[in-house]
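Residue strings, one per chain:
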Amino acid sequence: MAGEFIAALDIGTTKTVVLIGETTDGGLHILSEGTSPSHGIRRGVVVNMDQATSAITQALDAAEQAAGVKVNEVVAGISGEHIESVNSRGAVAIAPDGNRGVTQEDVARAQDSATALRIPTDRQVLHVIPQDYIVDDQHRIPDPCGMSGVRLEVLVHIVTGAVNAHQNVRKCITQSGICVRDLVLNSIAASHAVVTNDEKELGVVLLDLGGGTTDVALFHDGSIRHSSVIPAGGVNLTNDIAIGLRTPHEDAERIKRSYASAVYVRSERDNMIEVPGVGGRPSRQVTREELAFVTGPRIKELLILARDEIRRSGCEHLVGTGIVITGGGAQIPGIAKLAEQVFGMSAKIGVPKEVPGLAREEDAPVYATGAGLLRYVLDNPSGKEWQNGTEGGWLDRMRSRIVAML
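Here the structure is a predicted model, which is why all the values come from computation and not from measurement.

The next thing to look at is the overall build of the protein chain. Helix and strand counts for the protein chain come out as 11 helices and 18 strands. When the 406 residues of the protein chain are sorted by exposure, 55% land in the buried category.

Structure follows, in structure tokens:
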């Protein structure tokens, strides 16, 4: 893949980002980034096609001009409260031929067995990710092909989303004049950029704090064990500031970006924040301490929602390393400290690794999904059909089988 140009599209609730990268002998270098304010997106879902398409086009044009290249396709992230996931298991018998061993056909049959679920017709499979292969009683086999045995089992993580939400994202992208190479769940994409292999092996929770959603993913033994999307994010914090300080929404967003903190901070007497009034009312000054009383409880509430989601998954005991926080919300000072208090385990800010060419390091968490999408392409060069929502092949056979059962 050396010398190939690839583009990633992160359609957020508040910002749309396009990253153009070039592959270099298995590595990746960011050539350019293009951003535009998002419109027509609410909690990760398209609610206005024209506005969303315009935001994509603006970000794409900016990235192409900066890189001096033209892209024809993108790998895009997808999120929203419509996302659901489930773990499933399938098993098949292996032909009793000691010389043959497990074949790709056996693997495909096991995967078919694991995905024989009654999925409603208004939902679409986005990912089917193997977690573990088992040959007879031998677990944790990354590739069972060629192994001898009489029974093959596979554990998979299945991610589904609403058909209309999936189609609307695709339509907005194609109306911008480019093709969709793949759609990837935001948390899965971000994990390729900010979570290490060691963390995935020992157990880690990834929190991608966006404007309208918080994506949650739990990894253990090198594979994803749980994923979900909480319909709350930075926009909720902005609304709280606007209401609590009685200031216009745009000024509340500026105050959040400049002064918001996740923990109580005792400010100096002269450390004051200018707060514009609403509807011509005079501005006034508040302390950082007063602002923390507004922002702290909301951020804590969001972290508690994520903690409770992990507990409901039944996988909390698998977390051996702690929490990785990324996305725009990761830039809020003190959020890692607050997360440690809420989760009762260590927490850190996730910054994209091994992705040279990004902007300032302090802004790097904002680009976690975009950088992760590019890494996702590098880490899946063959575009395995069973692992993503591309058209054709095994997933089409699976969909046909599901429809026939309904």
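For the rest of this paragraph, the subject is the sheet that holds strand E13 (residues 214-220). Pairing is mixed in the open sheet, where 5 strands are placed in the order E14-E13-E12-E17-E18. At either end of the open sheet lies a strand with only one pairing partner, and these are strand E14 (223-230) and strand E18 (347-349). In this sheet, neighbouring strand axes are inclined to one another by 20° on average, regardless of whether the strands run parallel or antiparallel. For strand E12 (residues 204-209) and strand E17 (residues 322-326), the ladder comprises 5 bridges, and the chain directions are parallel. Each bridged residue has a counterpart across the sheet, and for Val205 the counterpart in E17 is Ile323. Sheet strands in contact with helix H4 (residues 186-194) are E12, E13, E14 and E17, and its direction is about 110° off that of E12.

Okay, the side chain of Ser79 next. Structurally, Ser79 can be placed in the loop between strand E6 (73-78) and strand E7 (84-93). Reaching out from Ser79, the side chain makes a polar contact with the side chain of Asp215 at a distance of 3.0 Å. In this view, Ser79 contacts Gly44, Asn186, Thr213, Asp215 and Val229; residues no more than four positions away in its chain are not counted.

On to the nonpolar core, then. One finds Leu9, Leu19 and Ile173 to be the most contacted residues of the largest nonpolar core, which totals 60 residues. With 7 residues, helix H10 (residues 368-379) is the single largest residue contributor to this core. If we skip the residues at most four places from it in the chain, Leu9 touches Thr16, Val17, Val18, Ile56, Val74, Val75, Ala76, Gly77, Ile173 and Leu373.

All right, on to the packing of aromatic side chains then. The final tally for this structure, using the stated rule, is 0 aromatic pairs. Lying across the ring of Phe219, Lys200 places its NZ or CZ 5.0 Å from the centre.

Attention shifts here to the sheet that holds E6. A sheet is described by the order of its strands in space; here 5 strands give the open sequence E3-E2-E1-E6-E11, paired in mixed fashion. The open sheet has two edge strands with one neighbour each: strand E3 (27-37) and strand E11 (179-185). Averaged over all pairs of adjacent strands, the angle between their axes in this sheet comes to 25°, without regard to strand direction. Relative to E11, E6 is paired through 6 bridges, and the arrangement is parallel. Directly across from Ala76, in E11, lies its bridge partner Leu183. In the packing of helix H3 (residues 163-175) onto the sheet, the strands contacted are strand E1 (5-11), E6 and E11, and the crossing angle to E11 comes to about 140°. Running over the sheet, H10 touches E1, strand E2 (15-24), E3, E6 and E11 and is turned about 140° from E1.

Two side chains that carry opposite charge are able to pair once their charged atoms sit near each other. A complete count under the given rule lists 20 salt bridges for this structure. Close ionic contact of Lys348 with Glu199 constitutes a salt bridge, the shortest N to O distance being 3.1 Å. Placement of the pair is Lys348 in strand E18 and Glu199 in helix H5 (residues 197-202), with a sequence separation of 149 residues. Classification of Lys348 as partly exposed rests on a relative accessible area of 33%. Between Arg254 and Asp251 there is a salt bridge, with the nearest N and O atoms lying 3.6 Å from each other. Here Asp251 and Arg254 lie together in helix H7 (residues 249-259), a separation of 3 residues that amounts to about one turn. Each of the salt bridges in this network shares a partner with another, and the network as a whole consists of Glu4, Glu73 and Arg181.

Rules used throughout
- Residues numbered from 1 in each chain as written.
- Predicted model: local features only at pLDDT ≥ 70, side-chain atom pairs only at ≥ 80, totals over all residues.
- Heavy atoms only, no water.
- Helix = DSSP H or I, 4+ residues; strand = E, 2+ residues; numbered from the N terminus.
- Buried < 20%, exposed > 50% of the residue type's maximum accessible area, 1.4 Å probe, protein only.
- Pairing = 2+ DSSP bridges.
- Axes fitted to C-alpha atoms, helices over the stretch in contact; angles between N-to-C directions.
- Contact = heavy atoms within 4.5 Å.
- Polar contact = N/O pair within 3.5 Å; in protein donor to acceptor, adjacent residues only side chain to side chain.
- Core = buried A, V, L, I, M, F, W, Y, C linked by side-chain atoms within 4.5 Å.
- Phe/Tyr/Trp six-rings, centres within 6.5 Å; stacked < 30°, edge-to-face > 60°.
- Lys NZ or Arg CZ within 6 Å of the ring centre and 35° of its normal.
- Salt bridge = Lys/Arg side-chain N within 4 Å of Asp/Glu carboxyl O.

These results come straight from atomic positions and should not be treated as a statement about function.
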